[in-house]
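Close look at the chain arrangement
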Amino acid sequence: QVQLVESGGGLVQAGGSLRLSCAASGRTFSSYAMGWFRQAPGKEREFVARINRSGITYYADSVKGRFTGSRDNAKNTAYLHMNSLKPEDTAVYYCAADYGASRSLSDSAYPPSYAYWGQGTQVTVSS
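In this report, we go over the structure that sits alongside the text. (Residues numbered from 1 in each chain as written. Predicted model: local features only at pLDDT ≥ 70, side-chain atom pairs only at ≥ 80, totals over all residues. Heavy atoms only, no water.)

**Quick look at the pattern of salt bridges**
If charged atoms from side chains of opposite charge come close, those side chains can pair. The tally for this structure, following the rule as stated, stands at five salt bridges. Between Arg38 and Asp89 there is a salt bridge; the shortest N-O distance is 2.9 Å. Residue Arg38 is located in strand 4 (residues 33-39), and its partner Asp89 is located in the loop between strand 8 (77-82) and strand 9 (91-98); the two are separated by 51 residues in the primary sequence. The residue Arg103 makes a salt bridge to Asp98 at a minimum N-O spacing of 2.9 Å. (Salt bridge = Lys/Arg side-chain N within 4 Å of Asp/Glu carboxyl O. Helix = DSSP H or I, 4+ residues; strand = E, 2+ residues; numbered from the N terminus.)

In C-alpha coordinates, the structure reads:
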(Lines give C-alpha, C1' and ligand atoms only; values in the text may rest on other atoms or scores of the structure.)
Protein backbone atom coordinates (compact mmCIF):
# COMPACT_ATOMS: atom_id res chain seq x y z
CA GLN A 1 0.00 0.00 0.00
CA VAL A 2 1.04 3.60 -0.63
CA GLN A 3 0.08 6.74 1.27
CA LEU A 4 0.48 10.09 -0.50
CA VAL A 5 0.49 13.61 0.96
CA GLU A 6 0.57 16.73 -1.24
CA SER A 7 1.92 20.09 -0.09
CA GLY A 8 3.05 23.41 -1.52
CA GLY A 9 -0.23 24.86 -2.74
CA GLY A 10 -1.21 28.45 -2.12
CA LEU A 11 -2.09 31.78 -3.69
CA VAL A 12 0.03 33.18 -6.51
CA GLN A 13 -0.39 35.96 -9.08
CA ALA A 14 -0.78 35.19 -12.77
CA GLY A 15 2.63 34.69 -14.35
CA GLY A 16 4.11 33.43 -11.11
CA SER A 17 5.48 30.05 -10.10
CA LEU A 18 4.75 27.39 -7.51
CA ARG A 19 6.20 23.98 -6.64
CA LEU A 20 4.01 21.16 -5.38
CA SER A 21 5.42 18.16 -3.52
CA CYS A 22 3.99 14.67 -3.05
CA ALA A 23 5.52 12.63 -0.22
CA ALA A 24 4.98 8.86 -0.44
CA SER A 25 5.22 6.10 2.15
CA GLY A 26 4.18 2.46 2.65
CA ARG A 27 5.82 0.82 -0.39
CA THR A 28 8.91 1.14 -2.54
CA PHE A 29 8.38 4.51 -4.20
CA SER A 30 10.56 3.71 -7.20
CA SER A 31 8.20 0.87 -8.22
CA TYR A 32 5.39 3.31 -9.11
CA ALA A 33 4.71 5.74 -11.89
CA MET A 34 3.36 9.01 -10.48
CA GLY A 35 0.58 11.20 -11.81
CA TRP A 36 -0.69 14.72 -11.17
CA PHE A 37 -4.36 15.63 -11.65
CA ARG A 38 -6.44 18.68 -10.82
CA GLN A 39 -10.09 19.48 -10.22
CA ALA A 40 -11.74 22.89 -10.31
CA PRO A 41 -15.14 23.55 -8.67
CA GLY A 42 -17.96 22.11 -10.75
CA LYS A 43 -15.59 20.37 -13.18
CA GLU A 44 -14.36 16.82 -13.68
CA ARG A 45 -10.94 15.65 -12.57
CA GLU A 46 -8.36 16.55 -15.23
CA PHE A 47 -5.02 14.94 -16.08
CA VAL A 48 -1.98 17.21 -15.70
CA ALA A 49 1.24 15.15 -15.84
CA ARG A 50 2.72 11.67 -15.47
CA ILE A 51 6.24 10.76 -14.34
CA ASN A 52 7.23 7.18 -15.09
CA ARG A 53 9.59 5.09 -12.99
CA SER A 54 12.64 6.32 -14.89
CA GLY A 55 11.60 9.99 -14.68
CA ILE A 56 10.28 10.34 -18.25
CA THR A 57 7.30 12.69 -18.33
CA TYR A 58 4.07 13.16 -20.26
CA TYR A 59 1.92 16.32 -20.02
CA ALA A 60 -1.52 17.55 -20.88
CA ASP A 61 -1.49 20.04 -23.75
CA SER A 62 -2.86 22.73 -21.44
CA VAL A 63 0.28 22.72 -19.28
CA LYS A 64 3.02 21.54 -21.65
CA GLY A 65 5.91 24.00 -21.68
CA ARG A 66 4.82 25.57 -18.39
CA PHE A 67 4.77 22.69 -15.88
CA THR A 68 7.56 20.23 -15.13
CA GLY A 69 7.09 16.94 -13.28
CA SER A 70 10.01 15.25 -11.54
CA ARG A 71 10.80 12.71 -8.84
CA ASP A 72 13.48 12.10 -6.24
CA ASN A 73 13.41 8.40 -5.39
CA ALA A 74 15.91 8.85 -2.55
CA LYS A 75 13.39 11.19 -0.87
CA ASN A 76 10.26 9.21 -1.89
CA THR A 77 8.88 12.44 -3.32
CA ALA A 78 7.36 13.59 -6.61
CA TYR A 79 7.21 17.24 -7.65
CA LEU A 80 5.26 19.49 -9.98
CA HIS A 81 7.01 22.76 -10.84
CA MET A 82 4.44 25.21 -12.21
CA ASN A 83 5.60 28.29 -14.11
CA SER A 84 3.75 31.03 -16.00
CA LEU A 85 0.62 30.29 -14.00
CA LYS A 86 -2.77 31.36 -15.33
CA PRO A 87 -6.09 31.91 -13.53
CA GLU A 88 -7.47 28.82 -15.29
CA ASP A 89 -4.86 26.73 -13.46
CA THR A 90 -6.80 27.34 -10.24
CA ALA A 91 -7.86 23.95 -8.83
CA VAL A 92 -7.22 21.36 -6.16
CA TYR A 93 -4.16 19.39 -7.29
CA TYR A 94 -3.83 15.68 -6.51
CA CYS A 95 -0.92 13.28 -6.84
CA ALA A 96 -1.49 9.60 -7.56
CA ALA A 97 0.54 6.37 -7.83
CA ASP A 98 0.25 3.70 -10.54
CA TYR A 99 1.84 0.22 -10.31
CA GLY A 100 1.10 -0.60 -13.96
CA ALA A 101 3.82 -0.95 -16.56
CA SER A 102 4.07 0.45 -20.10
CA ARG A 103 0.82 2.43 -20.07
CA SER A 104 -0.49 3.90 -23.30
CA LEU A 105 -0.79 7.69 -23.40
CA SER A 106 -4.56 7.48 -23.01
CA ASP A 107 -4.33 5.11 -20.04
CA SER A 108 -1.67 7.35 -18.47
CA ALA A 109 -4.25 10.17 -18.41
CA TYR A 110 -7.10 7.98 -17.14
CA PRO A 111 -7.74 8.33 -13.37
CA PRO A 112 -8.69 4.66 -12.74
CA SER A 113 -5.17 3.67 -13.85
CA TYR A 114 -3.93 5.06 -10.52
CA ALA A 115 -4.46 2.93 -7.42
CA TYR A 116 -3.49 5.45 -4.73
CA TRP A 117 -4.37 9.13 -4.27
CA GLY A 118 -3.40 11.98 -1.98
CA GLN A 119 -5.81 14.38 -0.27
CA GLY A 120 -5.12 17.31 -2.59
CA THR A 121 -3.66 20.79 -2.20
CA GLN A 122 -5.33 24.04 -3.28
CA VAL A 123 -3.70 26.22 -5.93
CA THR A 124 -5.26 29.64 -6.56
CA VAL A 125 -3.97 31.95 -9.31
CA SER A 126 -5.15 35.56 -9.21
CA SER A 127 -5.30 37.86 -12.22
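**Notes on the sheet that holds strand 3 (residues 18-25)**
An order of 1-3-8-7 is seen for the four strands of this open sheet, with the pairing classed as antiparallel. Across the chains shown, the open sheet's two edge strands, defined by having one partner strand only, are strand 1 (3-7) and strand 7 (67-72). On average, each strand axis in the sheet is inclined to that of its neighbour by 15 degrees, with strand direction left out of account. When strand 1 meets strand 3, the two strands line up antiparallel, connected through five bridges. Considered in strand 3, the bridge of Gln3 is made with Ser25. (Pairing = 2+ DSSP bridges. Axes fitted to C-alpha atoms, helices over the stretch in contact; angles between N-to-C directions.)

**Observations regarding the packing of aromatic side chains**
In the structure shown here, the tally under the stated rule is six aromatic pairs. With a centroid separation of 5.6 Å and 70 degrees between ring planes, the pair formed by Phe37 and Phe47 is classed as edge-to-face. In this pair, Phe37 is assigned in strand 4 and Phe47 in strand 5 (residues 46-51), connecting sequence segments ten residues apart. Like Phe37, the residue Phe47 is buried in the burial classification. In this structure an aromatic cluster arises from ring pairing among Phe37, Phe47, Tyr58, Tyr114 and Trp117. Across from the ring centre of Trp117, 4.4 Å away, lies the NZ or CZ of Arg45, which sits over that ring. (Phe/Tyr/Trp six-rings, centres within 6.5 Å; stacked < 30°, edge-to-face > 60°. Buried < 20%, exposed > 50% of the residue type's maximum accessible area, 1.4 Å probe, protein only. Lys NZ or Arg CZ within 6 Å of the ring centre and 35° of its normal.)

**Examining the layout of surface pockets**
Its boundaries defined by the atoms lining it, the largest pocket holds a volume of some 200 Å³. What lines the largest pocket is a set of 14 residues, and nearest its centre among them are Arg50, Asn52, Ile56, Arg103 and Ser108. Of all the elements in the fold, those that place two or more residues in the lining of the largest pocket are strand 6 (57-59) and helix 1 (105-108). Per-class residue counts for the lining of the largest pocket are five nonpolar, six polar and three charged. (1 Å grid on protein atoms, 1.4 Å probe; cavity = no way out; pocket = protein on both sides within 12 Å on 5 of 7 lines; lining within 4 Å. Points joined across faces, edges and corners; volume = space filled by probe spheres on them. Nonpolar A, V, L, I, M, F, W, Y, C, P; charged D, E, K, R; others polar.)

That is the geometry; function is a separate question.
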